[in-house]
Amino acid sequence: MNARILAVLAALPVLLPAVLPAQSPGQGASVQTPFRPPVGFEQEPVPPPIPADVTDDRRVARNYPEQPPVIPHNIRDYQLTLNNNQCLTCHSRQYTAGSQAPMISITHYVDRDGQTLGGVTPRRYFCLQCHVPQTVAQPPIRNDFRDVDSLISRPSDGGDRR
Ligand code: HEC
Ligand code: HEC
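Quick caveat: nothing in here was measured; it's all calculated off a predicted structure.

What follows covers the packing of aromatic side chains. Taken as a whole and judged by the stated rule, the model has one aromatic pair. Residues Tyr125 and Phe126 carry aromatic rings whose centres are separated by 4.9 Å and whose planes lie at 85° to one another, so their mutual orientation is edge-to-face. Residue Phe126 is classed as partly exposed on the basis of its relative accessible area of 39%.

Rendered as structure tokens:
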């Protein structure tokens with residue numbers, strides 16, 4: 001072990017109290033964050049129920065054109081493994097007539113070299129990497145995202161708009 005590391009180790013007892021918060025677990029009751037109820041770290045509150053999935057089959061508008069659309073239906077027990085992709089039994093080109101599901105778009109057939117393949121490209125095989133269902137959970141922090149259209153149509157505030 002070289003001398004510099006030894007020097008740092010020797011200084012640790014002096015440095016640590018300076019960087020660690022001086023709060024003990026017992027004082028946790030005063031901690032206020034949006035992510036946990038106002039209880040001490042040593043208490044074990046009853047967890048809230050898991051929120052239900054939104055499964056109303058209504059396609060959700062995208063916030064920007066490149067967004068992977070969210071899934072508006074139930075996906076429980078749909079297998080997605082190396083040998084079986086149940087999403088594709090409705091969403092691939094050859095099955096959409098029967099399922100009336102929207103077809104995966106052309107980007108799902110293009111491999112990383114820009115070649116358009118006959119089937120879904122490996123990099124788009126595991127759908128849930130990008131597409132997710134939604135739940136009725138309320139976000140702990142309000143989201144004030146506004147898409148570009150509402151920003152452009154905002155009434156002029158007379159300020160400098162670049
Ligand atoms: C039984 C057929 C079926 C299966 C299986 C299925 N879907 Fe769907 N999917 C649909 C239909 C039909 C829609 C159109 C909206 C609706 O009716 O729910 C849809 C809509 C979607 C959308 C929204 C598309 C958009 O433009 O808004 C996404 C994303 C999606 N599905 C992803 C998936 C994924 C990922 C899986 C596998 C985990 C899957 N689906 C399995 C039939 C299916
Ligand atoms: C790497 C991320 C990624 C993966 C993996 C992926 N998608 Fe997508 N998907 C997207 C993006 C981004 C869009 C929107 C832009 C586009 O069409 O490329 C999209 C669009 C879609 C749409 C709407 C198409 C349309 O024309 O409206 C459907 C349906 C869909 N995906 C289903 C699937 C299914 C089913 C799978 C699994 C086989 C899958 N996706 C895998 C990123 C992904």
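Looking now at the site of ligand 2. Surveying the vicinity of ligand 2 reveals 23 residues, the closest of which are Ser105, His108, Cys127, Cys130 and His131. At 2.8 Å from an oxygen atom of ligand 2 is found a side-chain nitrogen or oxygen belonging to Arg62. For ligand 2, a nitrogen atom lies 2.8 Å from a polar atom in the side chain of His108. Looking at the shell around ligand 2 residue by residue, the class counts come to eleven nonpolar, seven polar and five charged.

Moving on, we come to the coordination of the iron atom of ligand 1. Each angle at a metal carrying four tetrahedral donors should ideally be 109.5 degrees, and each at a metal carrying six octahedral donors should ideally be 90 or 180 degrees. The coordination sphere of the iron atom of ligand 1, as far as protein atoms go, consists of His73 (NE2) and His91 (NE2), spread over 2.0 Å. In this structure, the iron atom of ligand 1 is surrounded by six donor atoms whose angles at the metal cover 87 to 179°, and the resulting shape is octahedral. With His73 in the loop between helix H1 (3-19) and helix H2 (88-91) and His91 in helix H2, this pair connects stretches of sequence that are 18 residues apart.

Protein coordination at the iron atom of ligand 2: the donors are His108 (NE2) and His131 (NE2), at 2.0 Å from the metal. Coordination at the iron atom of ligand 2 comes from six donor atoms whose angles at the metal span 88 to 178°, giving a geometry best classed as octahedral. With a gap of 23 residues between them, His108 in the loop between helix H3 (96-99) and helix H4 (148-152) and His131 in the loop between H3 and H4 connect regions that are remote in the sequence. Across the pair, exposure class does not vary: His108 and His131 are buried alike.

Definitions and limits used
Residues numbered from 1 in each chain as written. Chains lettered and ligands numbered in written order. Predicted model: local features only at pLDDT ≥ 70, side-chain atom pairs only at ≥ 80, totals over all residues. Heavy atoms only, no water. Phe/Tyr/Trp six-rings, centres within 6.5 Å; stacked < 30°, edge-to-face > 60°. Buried < 20%, exposed > 50% of the residue type's maximum accessible area, 1.4 Å probe, protein only. Near = heavy atom within 4 Å. Polar contact = N/O pair within 3.5 Å; in protein donor to acceptor, adjacent residues only side chain to side chain. Nonpolar A, V, L, I, M, F, W, Y, C, P; charged D, E, K, R; others polar. Donors = N, O, S within 2.8 Å, 3.2 Å for Na, K, Ca; no water. Tetrahedral: all angles 85-135°; square planar, octahedral: opposite > 155°, others 65-115°. Helix = DSSP H or I, 4+ residues; strand = E, 2+ residues; numbered from the N terminus.

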